[in-house]
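Overview (structure and organization)
Listed here are the chains, written in short residue letters.
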Amino acid sequence: MSEQSSGTVDVLLGLHHGVSSSNSEVMVHALHPRVAIMNNGTRKGGEPDVMKVLFSSPGLEDLWQLHFSQLSGQEYTVPGAFIANTLDDPQSAIPVAPLPPPQPGPGTPPAPVHNGKAYWIKLTAQPSGVFTVTNARNGFSKTYGGGI
């Protein structure tokens, strides 16, 4: 972290898929990240309560997601430029309300099968504290200042 950085951490990486059991408001807000990168799946993570915590985190500039989350709905979805993998069989419209997560057990429908090309999110950091996050799907990248 650079001395000029506004957050306690510059990047919060992982977020354990964006599930509520691993992302309490107390923890995320105490870390005060500038940028968060969520390693979620289409039906695992990105839960509405976690998205509320992230979106209300003081100083958060951007959230990057490995996958579009069907559990987020329109209210808790980041712009597509920040999502590396969309749905293979996209719906005609994104539901406004978040979808409920599937209940565990023998009747649980299988997770959507990823049948397209897989994309990644890359973080490149410089000794000065400047770092860049890049979405491989669309080539979108954003550089975050730093410097000591």
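Let us look at the structure shown here. (Residues numbered from 1 in each chain as written. Predicted model: local features only at pLDDT ≥ 70, side-chain atom pairs only at ≥ 80, totals over all residues. Heavy atoms only, no water.)

1. Comments concerning the side chain of D62
For the record, the criterion: Strands here mean DSSP runs of E at least two residues long; helices mean DSSP runs of H or I at least four residues long; both are numbered from the N terminus. Residue contacts are counted whenever heavy atoms from the two residues lie within 4.5 Å of one another.
Along the chain, the position of D62 falls in strand β3 (residues 62-67). Setting aside anything within four residues of it in sequence, one finds D62 in contact with R34, V35, A36, F82, K142 and Y144.

2. Quick notes on unusual backbone geometry
Here H32, not a glycine, exhibits a phi torsion of approximately 55°, which is positive. If you trace the backbone, H32 turns up in the loop between α1 (25-31) and β2 (35-38).

3. Side note on the packing of aromatic side chains
For the record, the criterion: Here a Phe, Tyr or Trp ring, Trp counted by its six-membered ring, pairs with any other such ring whose centre lies within 6.5 Å, and the pair is stacked when the planes are under 30 degrees apart, edge-to-face when over 60, and tilted otherwise. Exposure classes here rest on a 1.4 Å probe applied to the protein chains alone. A residue is buried below 20% of its type maximum, exposed above 50%, and partly exposed in between.
The final tally for this structure, using the stated rule, is four aromatic pairs. Arranged with centres 5.2 Å apart and planes meeting at 70°, the rings of F82 and F140 form a pair that is edge-to-face. Remark: F140 occurs in the loop between β6 (131-135) and β7 (141-144) and F82 occurs in the loop between β3 and β4 (83-85); sequence separation between them is 58 residues. Residue classification places F140 among the partly exposed residues on the basis of a relative accessible area of 29%. The interplanar angle of 20° and the centroid separation of 5.0 Å between the aromatic rings of F131 and Y144 together place this pair among those described as stacked. Here Y144 lies in strand β7 and F131 lies in strand β6, a separation of 13 residues in the sequence. When sorted by exposure, F131 lands in the same class as Y144, which is buried.

4. Structural notes on the sheet that holds strand β5 (residues 121-125)
Put simply, the test is: A pair of strands is labelled paired if DSSP reports no fewer than 2 bridges between them. Note on geometry: axes are lines fitted to C-alpha atoms, helical ones only across the stretch in contact, with angles between N-to-C directions running from 0 to 180 degrees.
Taking strand neighbours across the sheet as the criterion, the three strands line up as β5-β6-β7 in an open arrangement whose pairing is antiparallel. Edge positions in the sheet fall to β5 and β7, since each of these pairs with one other strand and no more. Within the sheet, the average angular offset between the axes of one strand and its neighbour, ignoring direction, is 15°. Two strands pair when backbone bridges link them, and β6 and β7 are joined in this way by four bridges, in the antiparallel orientation. Paired with V133 across the bridge in β7 is K142.

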